[in-house]
Amino acid sequence: MTKTAIISKEQLDSQFAFCAQIKAFWQGQSITPTAYVETYGCQQNEADSENIRGLLIECGYAITDSAEGADVVVMNTCAIREHAEQRVFGNLGALTHTKRRHGRQKIFLCGCMAGQEVVVNRIKASYPHVDGVFSTHHLWQFPEILSRVLFTGKRTYFTADEPGSIAEGLPHSRDSKLKAWVSIMYGCNNFCTYCIVPYVRGRERSRKWEDILSECKQLIESGIKDITLLGQNVNSYGKDLDQGVDFADLLAKIAELPGDFIIRFMTSHPRDASNKLFDTMARYPKIAKQLHLPFQSGSSRVLKAMNRHYDRETYLEKVRYAKSVMPDLVLTSDVIVGFPGETEEEFEETISLIEQVHYDSLFTFIFSPRPGTPAYTMEDPTPKEEKNRRFDKLCAVQNGISEQLHNAYIGKTLRCLIDGTDKEFLTARTEGGRLVRLVGDPSLIGTFAPITITGATTWSLTGELTEKD
Ligand code: SAH
Ligand code: SF4
Ligand code: F3S
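Remember, predicted model here, so these are calculated numbers, not experimental data. (Residues numbered from 1 in each chain as written. Chains lettered and ligands numbered in written order. Predicted model: local features only at pLDDT ≥ 70, side-chain atom pairs only at ≥ 80, totals over all residues. Heavy atoms only, no water.)

Draft legend 1. Expanded view of helix α1 (residues 9–28). The end-to-end C-alpha separation of α1 is 28 Å, in line with the 28 Å expected for 20 residues at 1.5 Å each. Residues of α1 that are buried: L12, Q15, C19, I22 and W26. Buried residues of α1 fall within an arc of 70 degrees about the axis and therefore sit on the same side. For α1, the exposed residues lying more than 90 degrees away from the buried face are K9, E10, Q27 and G28. Considering only its buried residues, α1 is in contact with α2 (43–58) and α5 (142–152). Looking one or two places after α1, you find S30, whose phi comes out positive at around 50 degrees. (Helix = DSSP H or I, 4+ residues; strand = E, 2+ residues; numbered from the N terminus. Expected span 1.5 Å × (residues − 1). Buried < 20%, exposed > 50% of the residue type's maximum accessible area, 1.4 Å probe, protein only. Arc of directions from axis to C-beta. Contact = heavy atoms within 4.5 Å.)

Here it is as structure tokens:
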């Protein structure tokens, strides 16, 4: 049974009518208005910003890269940690000046922060220069919000909490001609005790596989070479639909499309990462041998308190299997130190896990209490300085591992996508997503080529083009 609310064609058409109205308004004054979209947070927000830009272009706006002088400024925000929110509030404050210098500037705040009532109330009370606020559930209604603000001058809030819906057919404005994000699902049902995402992005809902496949097909035909499938937990793809296609099946369908491209995905929740998924990855050359598999903690007790639904041993078992079928697998992960009540021994279990697994790289975080989540009220006796010490130790151990793994690349020949330039060098990405700098002709940009790695630092590799055999 399909439970997800689908935004109908009529509903979307009514939004496109608002776009036409706004476009005509500006054309009537012979003005080409400009818009700036600033994105915080994860790839999901980047993908949403592509839709917001697409809608703005539909409304006649030209996209600029600065808030200064822009007719519309959209802040697409992240709520994952307190620091992320503080940055937004700081930057939002600074927009009072850009608005003063450009009287007709309209300012909007959207994204995950806009899904929190406390944030919306704070904007209402203390940021009068913000003209509109809309949560991720209301993104597809942005043309309507913009039109209300433009034509009535009233501050507008589309922030009602909802389980979430799916809107197919929104326009995209993608920055890169070679790489694309494709959201395959939205929301999250996992309710990890530290995490705000399920509260601000609603319940898990999957797009139909036919819609995803046809979007990928179009992207590949338009020259896209590197597709990243997005979802907070891609491994539970399809569970809310009755289409009999799980994530591994979806991957296989995309990998069977004709063309020269590579496909990757994030994020995988370890609980639902199956051997079927790893076998599918191993089988298809077009699926990158790269896996982002956040473990969060090496301690089974902490994992339970986090509501992660796996323990240290099951996690390690999955990694063992994945590596056995993909010996060159590039593994990355997320980890939190200083979860409430984490002891020194439990922290050491995290260190021992990273030493055992040998991740290519890690995204490391200090626990940040998020109001409204269960962990917010958990007893947390560990002092900040102690958490900082653990964090520094974790980073130092990981840097050593990353460097060691990077050095092991030297001498290897890897198939890379040449994707741009950096000063006098070409840049390329390995299948595992590592940056490689090399000397070569810019006409190679957009092609896959074998590159032999000649040098390594913690963060990047250098290499040279190798003749295809
Ligand atoms: N859905 C993804 C993660 C999305 S958030 C997954 O489950 O893997 C990205 C990362 O931010 C998380 O993996 C976690 O490591 C970190 N994170 C989330 N909430 C946090 C918090 N309150 N404090 C610190 N780090 C947090
Ligand atoms: Fe947050 Fe957990 Fe969902 Fe990831 S799986 S978004 S960490 S609740
Ligand atoms: Fe941040 Fe929302 Fe992503 S909280 S990490 S932008 S899902």
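Draft legend 2. Geometry of empty space enclosed by the protein. Within the structure shown, the criterion is met by one cavity of 30 Å³ or more. Reported here for the largest cavity is a volume of approximately 40 Å³. Forming the walls of the largest cavity are D226, I262, R264, R415, C416, L417, R429, T430, E431 and F448. For the lining of the largest cavity, the secondary structure elements donating two or more residues are β13 (262–266), β17 (413–422) and β18 (425–430). Sorting elements by how many residues they give to the lining of the largest cavity places β17 first, with three residues. The class makeup of the residues in the lining of the largest cavity is four nonpolar, one polar and five charged. Two domains each put at least three residues into the lining of the largest cavity: domain 2 (178–288) and domain 3 (413–465). (1 Å grid on protein atoms, 1.4 Å probe; cavity = no way out; pocket = protein on both sides within 12 Å on 5 of 7 lines; lining within 4 Å. Points joined across faces, edges and corners; volume = space filled by probe spheres on them. Nonpolar A, V, L, I, M, F, W, Y, C, P; charged D, E, K, R; others polar. Domains from an automatic or database assignment.)

Draft legend 3. Region of interest: the site of ligand 1. Taken together, 15 residues surround ligand 1, and among them Y194, Q232, Q296, D334 and S368 come closest. Taking R81, its side chain carries an N or O atom lying 3.3 Å from an oxygen atom of ligand 1. Contacts to ligand 1 include Q232, whose side-chain N or O atom sits 2.8 Å from a nitrogen atom. With the chains in place, 90% of the 540 Å² that ligand 1 exposes on its own is no longer accessible. At the level of secondary structure, the elements contributing two or more residues to the shell around ligand 1 comprise β15 (330–337) and β16 (361–366). (Near = heavy atom within 4 Å. Polar contact = N/O pair within 3.5 Å; in protein donor to acceptor, adjacent residues only side chain to side chain. Areas by Shrake-Rupley, 256 points an atom, 1.4 Å probe, with all protein chains shown as cover.)

Draft legend 4. Quick peek at the pairing of β18. Relative to β18, β17 runs antiparallel, the two being bridged by six bridges. What sits directly across from C416, in β18, is T430. Hairpin connection between β17 and β18: a loop of two residues separates the two successive antiparallel strands, and K423 in this loop has a positive phi of roughly 50 degrees. Bridging between β18 and strand β19 (residues 435–438) involves four bridges; their strand directions are antiparallel. Bridge pairing in β19 links A428 to V436. Two successive antiparallel strands, β18 and β19, enclose a turn made up of four residues, where G433 displays a positive phi of approximately 90 degrees. (Pairing = 2+ DSSP bridges.)

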